Amino acid sequence: MKIEPPCVASLSWTLKDTLGNVLDASDEPVEFLVGGRDLLASIEQALTGRGPGDRLELHLEPVDAFGDFDDQLIYLEPRSAFPGELEVGMAFEGLPPGCTPGAPRDRLYFVSEIYPEHVVLDANHPLAGMALRVSLQVHEVREATVAEVERGSAGVGFFQVRLSG
């Protein structure tokens, strides 16, 4: 079976930055719904028409991956609004009470810096602004179930950091 939406493709991958540093890899195949929310549009497009055994090498510019870095998504918030145990890299769904009222509520915010009186939060995807190299291998392709199509997912998103919904 060839990849045509909607279907489920079982993939393994290696994700690198443009300097060749490995950012993520999966030797074990993972199932993704093609035609849902699981894959980046650029990856879906490249996979269409491919089948088991096919390998792809993709170069994705930020616009085709996780977008450009947006400095408007950096927030300086009061340290008192956060728990005592706070570490760089921690993620929060939305901002806690006492923070910027107009900030988007449907984002993940990552702690990027901690000061005695303030915390710097970043709502950009961790890979925003990066060009990426993706090596993919297609292992299996199957028809999507009705439940997967209705849900828009086979259960896993490709490096997506967002709230479910």
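In what follows, the accompanying structure is described. (Residues numbered from 1 in each chain as written. Predicted model: local features only at pLDDT ≥ 70, side-chain atom pairs only at ≥ 80, totals over all residues. Heavy atoms only, no water.)

## Topic: the sheet that holds strand β1 (residues 7-17)
Inference 1: Here we have 4 strands laid out as an open sheet, ordered β2-β1-β8-β3, and antiparallel in their pairing. Across the chains shown, the open sheet's two edge strands, defined by having one partner strand only, are β2 (22-34) and β3 (55-60). The mean angle between the axes of side-by-side strands here comes to 25 degrees, regardless of whether they run parallel or antiparallel. (Pairing = 2+ DSSP bridges. Helix = DSSP H or I, 4+ residues; strand = E, 2+ residues; numbered from the N terminus. Axes fitted to C-alpha atoms, helices over the stretch in contact; angles between N-to-C directions.)

## Overview of the sheet that holds strand β5 (residues 91-93)
Inference 1: A sheet is described by the order of its strands in space; here 4 strands give the open sequence β4-β7-β6-β5, paired in antiparallel fashion. One side of each edge strand has no neighbouring strand; the edge strands of this open sheet are β4 (74-78) and β5. Looking at each pair of strands side by side, their axes are set apart by 35 degrees on average, direction ignored.
Inference 2: Note: β5 against strand β6 (residues 108-114), 3 bridges, orientation antiparallel. Along β6, the bridge assignment pairs Phe 92 with Tyr 109.

Coordinates in, geometry out; function isn't part of it.
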